[in-house]
Amino acid sequence: MLSVEELVKGVLAGEKRSIAKAITMVENNREEAQRLIAAIYPYTGKAHVIGLTGPGGAGKSTLIEKMVKEYRRRGKTIGVVAVDPTSPFTGGAFLGDRIRMQDLSTDEDVFIRSMATRNNPGGIAKATKDAVKILDAAGKDIVIVETVGAGQSEVEIVKVAQTIIVMHAPGLGDEIQAIKAGLMEIADIFVVNKADRENADKAIMDIQAMLQLDEREKAWNPPIVKTVALTGEGVPQLLEKIEEHRQFLQKELWRKKSWEKAEAELIEAIRDKVTSSIIEKLKRERRFEKVLQQIVDREIDPATAAEKLLNQELE
Amino acid sequence: MFDKQKIEEIAKERERWEKSTLLNWIKQCPERKKEFLNHSGFTIKGLYTPEDVKNLDYMRDLGFPGEYPFTRGLHATMYRGRLWTMRMFAGYGTAEDTNKRFKYLLSEGETGLSTAFDYPTIMGYDSDHPMARGEVGVCGVAISSLHDMEILFDGIPLDKVTTSMTINGPASVLLAMYIAVGDKQGVPREKLGGTTQNDNLKEFFAQKLCIFPPKPSLKLSVDVIEYCAKHLPKWNPISISGYHIREAGATAVQELAFTLYDGIAYVEETLKRGLKVDEFAPRLSFFFASHNDFFEEIAKFRAARRLWARIMKERFHAKNPRSMWMRMHVQTSGCTLTAQQPLNNIVRTTIQALAAVLGGTQSLHTNSFDEALCLPTEESVRVALRTQQIIAYESGVANTVDPLAGSYYVEALTNEMEEKAMEYIQKIDDMGGVIPAIEKGFFQKEIAESAYRYQKEIEEKKRILVGVNEYAIEGEECPIKLLRVDPSVEKKQVERLQKLKRERDNRKVKEVLEKLHYAAEKDENLMPTIIEAVKAYATLGEIMDVLRKVYGEYKELIII
Amino acid sequence: MQSGRKIRVLIAKPGLDSHDRGAKVVARALRDAGMEVIYTGLRQTPEQIVETALQEDVDVIGLSILSGAHMALFPRIMELLKQKGLTDVLVFAGGIIPEEDIPELKKIGIKEVFGPGTPTEKIIKYVLENVPKRA
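Anyway, here's the lowdown on the structure attached to this text.

## Considering the overall build of chain A
Phase 1: In terms of regular secondary structure, chain A is built from 10 helices and 8 strands.
Phase 2: Each of the 315 residues in chain A was classed as buried or not, and the buried ones make up 41%.
Phase 3: Considering only residue pairs separated by 6 or more positions, chain A has 73% of its internal contacts joining residues 24 or more positions apart.

## Comments concerning the sheet that holds strand E5 (residues 235-236) of chain B
In a beta sheet, neighbouring strands pair by backbone hydrogen bonds and run either parallel or antiparallel.
Residue and element names in this part refer to chain B.
Phase 1: Here 9 strands make up an open sheet; going across it, the order is E5-E4-E3-E2-E1-E9-E8-E7-E6 and the pairing parallel. Unpaired on one side and paired on the other, E5 and strand E6 (238-241) mark the two borders of the sheet.
Phase 2: Taken together, the 4 bridges between strand E1 (residues 85-90) and strand E2 (residues 112-116) define a ladder with parallel strand orientation. Bridged to Phe 89 within E2 is Ser 114.
Phase 3: Strand contacts of helix H3 (residues 95-107): E1 and E2, with the helix running at about 155° to E1, the strand carrying the most contacts.

## Side note on helix H1 (residues 4-28) of chain B
All names here are of chain B.
Phase 1: Here H1 is 25 residues long and its end C-alpha atoms lie 35 Å apart, about the 36 Å a rise of 1.5 Å per residue gives.
Phase 2: Its maximal kink placed at Trp 17, H1 deviates by approximately 40°.
Phase 3: Across the 25 residues of H1, 0 count as buried, placing the element largely on the outside.

## So, the packing of helix H11 (residues 294-315) of chain B against helix H12 (residues 344-358) of chain B
All names here are of chain B.
Phase 1: Axis separation between H11 and H12 bottoms out at 8 Å; the angle between their running directions is 30°. In terms of orientation, H11 lies roughly parallel with respect to H12. Crossing of H11 against H12: the hand is right-handed. Of the residues in H12, those in contact with Phe 294, Glu 297 and Ile 298 of H11 are Ile 351, Ala 355 and Leu 358.
Phase 2: In the contact of H11 with H12, the residues fall into 5 nonpolar, no polar and 1 charged.

## Focus: the interface of chain A and chain C
Phase 1: Contact with chain A, which involves 30 residues of that partner, is made by 28 residues of chain C.
Phase 2: Listed by contribution, the elements that provide at least two residues to the side of chain A that touches chain C are helix H2 (16-28), helix H3 (30-40), strand E3 (93-95) and strand E4 (110-116) of chain A.
Phase 3: Broken down by element, the side of chain A that touches chain C gets its largest block of residues, 7 residues, from H2 of chain A.
Phase 4: For the side of chain A that touches chain C, the class distribution of residues is 10 nonpolar, 12 polar and 8 charged.
Phase 5: Pairing between E3 of chain A and strand E2 (residues 36-39) of chain C: 3 bridges, direction parallel. Within the sheet, the bridge partner assigned to Leu 95 of chain A lies in E2 of chain C and is Ile 38 of chain C.

## Looking at the interface of chain C and chain B
Phase 1: Tallying the contact residues gives 27 residues for chain C and 34 residues for chain B.
Phase 2: The element that contributes the greatest number of residues to the side of chain C that touches chain B is helix H1 (residues 21-32) of chain C, accounting for 5 residues.

## A closer look at the sheet that holds strand E2 (residues 78-84) of chain A
Residues and elements named next belong to chain A.
Phase 1: Ordered in space as E4-E2-E5-E1-E6-E7-E8, the 7 strands form an open sheet in which the pairing is parallel. Sheet topology places E4 and strand E8 (224-226) at the edges, where each strand pairs with a single neighbour. Pairwise comparison of adjacent strand axes, ignoring direction, gives a mean angle of 20° for this sheet.
Phase 2: Note that strand E6 (residues 163-168) and strand E7 (residues 189-192) share 4 bridges and pair parallel. Paired with His 168 across the two strands is Val 192, which belongs to E7.
Phase 3: Against the sheet, helix H4 (residues 60-73) contacts strand E1 (48-53), E2, E4, strand E5 (142-146), E6 and E7, and its axis sits at roughly 175° relative to E5.

Reading the values: the criteria
Residues numbered from 1 in each chain as written. Chains lettered and ligands numbered in written order. Predicted model: local features only at pLDDT ≥ 70, side-chain atom pairs only at ≥ 80, totals over all residues. Helix = DSSP H or I, 4+ residues; strand = E, 2+ residues; numbered from the N terminus. Buried ≥ 20, exposed ≤ 12 C-beta atoms within 10 Å, placed from the backbone. Contact = placed C-beta atoms within 7 Å. Pairing = 2+ DSSP bridges. Axes fitted to C-alpha atoms, helices over the stretch in contact; angles between N-to-C directions. Expected span 1.5 Å × (residues − 1). Bend = angle between axes of the 7 residues up to and from the residue. Parallel < 35°, antiparallel > 145°, perpendicular 65-115°, else oblique. Left-handed = near helix turned anticlockwise from the far one by under 90°. Nonpolar A, V, L, I, M, F, W, Y, C, P; charged D, E, K, R; others polar.

Structure representation (structure tokens):
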């Protein structure tokens with residue numbers, strides 16, 4: 001068993017076993033994980049984090065494989081985090097995204113990790129954000145996060161990635177409606193895959209139409225890139241657009257986005273701490289159950305109960 | 001077939017029987033299960049009567065053997081004229097080893113050859129490729145060049161035997177080699193008879209031997225169909241397969257529907273090349289499994305014949321009756337064999353073989369009893385062959401055509417098979433055809449579900465596997481001798497390849513491979529160039545590598 | 001403090017064998033038993049399998065092979081696992097593996113071999129009882 005200190009050393013040296021164990025730690029073990037993240041945090045902030053989302057069947061994994069190969073050709077090192085849903089019934093998960101990327105598994109400078117959402121309602125595990133930090137600290141130039149194509153929950157990715165790619169492909173059934181409202185707003189780049197199909201142009205026009213409905217002043221106009229992931233067509237152009245966005249962020253929004261990200265993370269961390277420390281304490285001291293009974297008996301409503309308990313704690 | 005009034009009378013009597021004789025009996029002797037289902041999930045009734053076939057029209061639905069819709073058989077006399085071909089799948093080790101096994105089987109009475117290739121060959125790798133390590137000759141014969149092919153058929157006259165080759169991605173290459181061997185033997189190409197499996201569509205969701213993405217894979221299959229239509233009139237360019245679909249976990253009706261749909265796709269693609277349907281359809285052939293449920297399988301085979309005939313006539317407007325023939329090869333089901341108490345497998349194979357014969361197959365392979373453990377030994381493959389011979393000569397079932405026709409059960413089941421298969425076909429049509437369905441994961445999902453359900457049924461003892469979940473022997477030891485492939489095969493093959501590459505005209509090889517690359521990019525029919533390449537002793541791997549460069553490689557869609 | 005630890009299992013298909021019905025049924029059964037299952041897909045080299053096990057930090061590896069090439073491929077896999085320091089991973093195998101090969105496989109570190117006809121319940125139970133205890 002490696003200690004936190006040994007893991008930190010290994011992660012910062014880019015050592016694969018340490019990266020793997022560190023990610024497991026942030027998935028499972030809160031106390032030690034916090035120490036680990038605290039130790040590596042100063043070394044994060046260098047990687048360009050790209051989020052990739054879209055409906056199932058659009059070809060995300062296939063596209064990532066081609067993107068990684070192209071980045072490798074350009075001398076970049078990559079981390080990939082592929083997220084799949086945990087079954088709400090069994091608690092288990094089938095993590096099959098890396099099948100499309102297996103050619104890359106023996107590339108020394110590519111690290112691929114499959115993660116399950118473990119019932120985090122945001123659709124993207126909290127641990128994923130920490131996994132991204134670990135890969136960042138390990139020196140990866142690019143970190144790609146691929147998420148489940150479930151729709152609304154994809155908005156969570158904003159908090160992780162700097163460049164969000166929303167992907168679609170023609171013939172997936174409900175066409176552009178599959179790109180739920182939240183996704184349209186957060187996309188920095190749109191990708192229409194399987195662009196060699198007949199109805200690809202229609203998919204592009206649909207996206208353009210929806211973009212025009214958005215009347216906000218935008219400093220960055222999300223481009224639409226056509227790709228054929230199976231052959232790699234369009235991937236160099238996609239990487240160009242990603243690079244353009246990165247430069248745009250550096251100039252314009254880096255500070256603002258970093259600020260917003262930090263704020264979101266701090267709020268969530270506080271929320272987390274409150275939940276764990278205060279609620280655990282209440283449960284231990286059995287005050288929790290007492291109040292629950294009052295709520296069930298309709299003697300007090302939940303909001304008032306919470307206020308009372310918090311006031312008691314903060315005294 | 002029965003008049004309306006008679007049916008009503010029978011129905012009335014049946015109701016009476018149910019309320020009296022049946023009810024009373026069940027009180028003393030309840031049925032063994034709440035409901036009886038076959039593998040396809042159809043409810044099997046306790047009794048079938050004329051009511052169940054009241055809409056059956058003899059001439060429309062059954063007809064006479066040798067006439068549309070061919071339900072009762074493709075030929076007027078079926079096995080009275082000629083028995084089915086006894087074609088035993090064989091192959092392991094080097095070409096010499098398999099040549100020996102071929103001759104052994106022929107001497108023991110098999111009437112057609114069937115070749116099993118090893119995994120490297122199937123995936124288009126030479127025996128010296130890194131991915132071939134540990135796999136050369138292990139579950140089939142290793143063929144890397146025309147040189148190996150010549151040894152494989154040494155002393156076997158290609159104008160006297162027909163040969164089936166189970167090869168898909170590299171089918172064009174192996175066929176080219178076979179043609180080259182025939183040329184060397186002096187056999188005119190019009191006389192070459194046999195089959196290449198060459199069914200790349202099913203690889204995407206069943207056998208999983210896909211090398212290239214769907215579109216080029218389909219193109220390569222159709223290249224062979226087109227070439228044979230023009231140059232090899234006796235060759236079956238394709239064996240549209242349901243066997244692997246079934247083995248992957250599909251039910252009987254899924255096997256039937258998905259196979260027929262693949263057939264529809266191949267016909268559509270070949271028509272796009274400008275050929276008329278009657279120019280190539282007579283040589284399309286099919287390959288099914290024969291599984292445990294005896295009557296379900298028989299119904300499946302009969303429904304298959306009728307359905308294909310209807311599809312060819314109504315959907316594709318074929319005029320030549322031969323275009324409507326569903327010529328099939330059947331293999332008894334491998335996945336039903338047990339490693340426990342292997343001799344029991346002889347019984348399973350017999351029942352399955354009998355179903356295939358009563359179903360009217362043209363050609364049959366019977367599994368050996370040790371195949372859940374290893375490749376068959378000479379002794380076990382002989383028993384498998386004898387199984388067919390005993391059915392043919394001793395059981396009497398081959399003495400009349402389609403003996404089960406008219407059985408209320410069999411005809412009702414045949415109708416239901418056809419109906420449910422048509423529902424699937426309609427569904428796939430609605431999805432836009434076979435390639436959209438593959439990309440949506442439709443077949444994969446259906447098969448994964450059926451496979452999982454089957455396993456659950458066994459574990460919950462809803463489905464009994466004798467010797468496995470019932471009547472098992474605690475601490476059973478393996479009583480039989482297993483076939484082990486000599487590990488020196490790999491070394492021999494590698495040396496042979498190295499020698500070949502030294503002794504051939506390498507400049508010529510380079511030239512023809514470049515020619516192939518160019519032809520592939522121009523989307524030409526590649527058969528003629530591939531024949532040229534194999535004759536120059538370009539290896540299988542070298543040829544396939546050119547195609548891999550042009551078409552790319554394929555990663556499958558996984559659905560569990 | 002809640003530890004949401006899940007058992008992570010790698011189901012791998014080494015070599016050219018393309019029969020994946022069993023591997024997929026087992027993968028699904030393990031998922032339904034609450035485990036996180038990583039499936040490599042077909043045609044994996046020993047190097048790819050071990051790298052995947054390393055990066056995914058799996059607790060268990062299940063090797064599925066029906067082509068008869070296990071005696072050539074498994075030793076290489078076990079050797080690589082040792083080299084990469086993955087000695088505490090539980091490795092089991094399934095498929096068509098003759099009884100007479102099992103003692104040799106156990107010697108190189110394959111803890112158990114599940115032949116044709118093994119109920120998935122048995123495999124699940126085995127994994128739950130034998131998965132290495134980690135913090």
